[in-house]
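Structure assessment
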Amino acid sequence: MIEIPKKYEVGKKIPIKDFIPSTLSLDTRKKIKEIVSKVVLTCQISGKEISSVRNEMYECRLIQFYDFEVNDIKKAGYISEIYQGLIKSPCIIRIFDKSKEVYSFGLKRLNQNNRNEIVLEESFISDSYSKVLPSLEKKSLEKVISFDNVINKTNKVNFYLEIYAKAFILKNQKLYMKSKELLEKPVWYDEKNMRETYELFRDMVKLREKIDKLILASEKVKYNQELKEIMEKLNEKIL
């Protein structure tokens, strides 16, 4: 369970019919009603303790935490993609069925042509965890993204970015042998350093995925060189 101070707890159940905008297609609205059985806004980080951000890129006054109960955890990716794009505030969505659960994350910014709309730049869901059996992986994620363990509380954008980046690193930790070291280094105190670290790790993951799909060794040479350069930069973050 993610530990959030009690003052941010909400526990508000949201009727499904009120959480499916008419802008979605009829088919999508129907699928959501079939998949989602309950939505609860569990917590909402607001107020001045962590500064809000309002500029040309962000309108970030809240960080929200939701519980979505679904009939099949295999539909989590579908629900995550829809609602990370619909919910304007940075949010963490816990999606679960009777036996499994995942966490959904998304990086957002304002639409430059319409400040009332957001653009979902990136998103991902965690690995699935058992709701019943203990899991070291789940405990590691919950520890990293719990309120007291987030280092960069300079503002809500940085707060959420740290959570997003650390959760992403944990999900892909097997691709970089020094992942746990990276999570413990002071790169998280500084916004620029934090963004650079995350972007390097993300690019490393993408390159590894691309290389794995290639067949010919000759095709891999260029990407392997790019991968080596990224790994060297990541290693520098740990020194």
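A brief look at the structure comes next. Since we're looking at a predicted model, the values are computed, not measured. (Residues numbered from 1 in each chain as written. Predicted model: local features only at pLDDT ≥ 70, side-chain atom pairs only at ≥ 80, totals over all residues. Heavy atoms only, no water.)

A few words now on helix 3 (residues 136-145). Where helix 3 is concerned, the buried positions are K138, L141, E142, V144 and I145. The buried residues of helix 3 occupy an angular sector of 165 degrees when the element is viewed end-on, so they sit on one face. Opposite the buried face of helix 3, by more than 90 degrees, sit the exposed residues L136, K139 and K143. Buried residues along helix 3 sit in contact with strand 6 (91-96), strand 7 (100-111), strand 9 (129-130) and helix 4 (156-171). (Buried < 20%, exposed > 50% of the residue type's maximum accessible area, 1.4 Å probe, protein only. Helix = DSSP H or I, 4+ residues; strand = E, 2+ residues; numbered from the N terminus. Arc of directions from axis to C-beta. Contact = heavy atoms within 4.5 Å.)

All chains considered together, the criterion is met by 18 salt bridges. Between K38 and E69 there is a salt bridge; the shortest N-O distance is 4.0 Å. With K38 in strand 2 (residues 36-45) and E69 in strand 5 (residues 63-70), the pair connects residues that are 31 residues apart, well separated along the chain. On the basis of relative accessible area, E69 is assigned to the partly exposed category, the value being 26%. Here E122 and R202 are joined by a salt bridge, their closest N and O atoms 2.7 Å apart. Of this pair, E122 sits in strand 8 (residues 114-125) while R202 sits in helix 6 (residues 191-213), and the two are 80 residues apart along the sequence. Each of R54, E59, R61 and R115 takes part in one network of salt bridges that share partners. (Salt bridge = Lys/Arg side-chain N within 4 Å of Asp/Glu carboxyl O.)

Right, let's talk about the nonpolar core for a bit. Generally speaking, soluble globular proteins have nonpolar side chains that are buried together. Formed by 47 residues in total, the largest nonpolar core has its most connected members in I92, F105, I145, F201 and M204. Broken down by element, the residue count for this core peaks at ten residues, all from helix 4. Contact partners of I92, with chain neighbours within four places excluded, come to I2, Q64, F65, Y66, Y103, S104, F105, I145, Y160 and I163. Counting 23 residues, the second largest nonpolar core, distinct from the first, contains V39, A76, I82 and I87. (Core = buried A, V, L, I, M, F, W, Y, C linked by side-chain atoms within 4.5 Å.)

Turning our attention to the packing of aromatic side chains. Tallied over the entire structure, the rule returns 14 aromatic pairs. Judged by centre distance (5.6 Å) and plane angle (85 degrees), the ring pair of Y164 and Y198 falls under edge-to-face. Separated by 34 residues along the polypeptide, Y164 in helix 4 and Y198 in helix 6 bring together distant segments of the chain. Accessibility classification places Y164 together with Y198 in one group, the buried group. Here the aromatic rings of F168 and Y198 are separated by 5.6 Å at their centres, their planes lie at 80 degrees, and the arrangement is edge-to-face. Of this pair, F168 sits in helix 4 while Y198 sits in helix 6; the two residues are 30 residues apart in sequence, bridging distant segments of the chain. Of the aromatic side chains, those joined through ring pairs into one cluster are F105, F124, Y164, F168, Y176, Y198 and F201. Across the ring face of F96, the terminal group of R94 is positioned such that the distance to the ring centre comes to 4.3 Å. Taking NZ or CZ as reference, K153 lies 5.0 Å from the ring centre of F147, over its face. (Phe/Tyr/Trp six-rings, centres within 6.5 Å; stacked < 30°, edge-to-face > 60°. Lys NZ or Arg CZ within 6 Å of the ring centre and 35° of its normal.)

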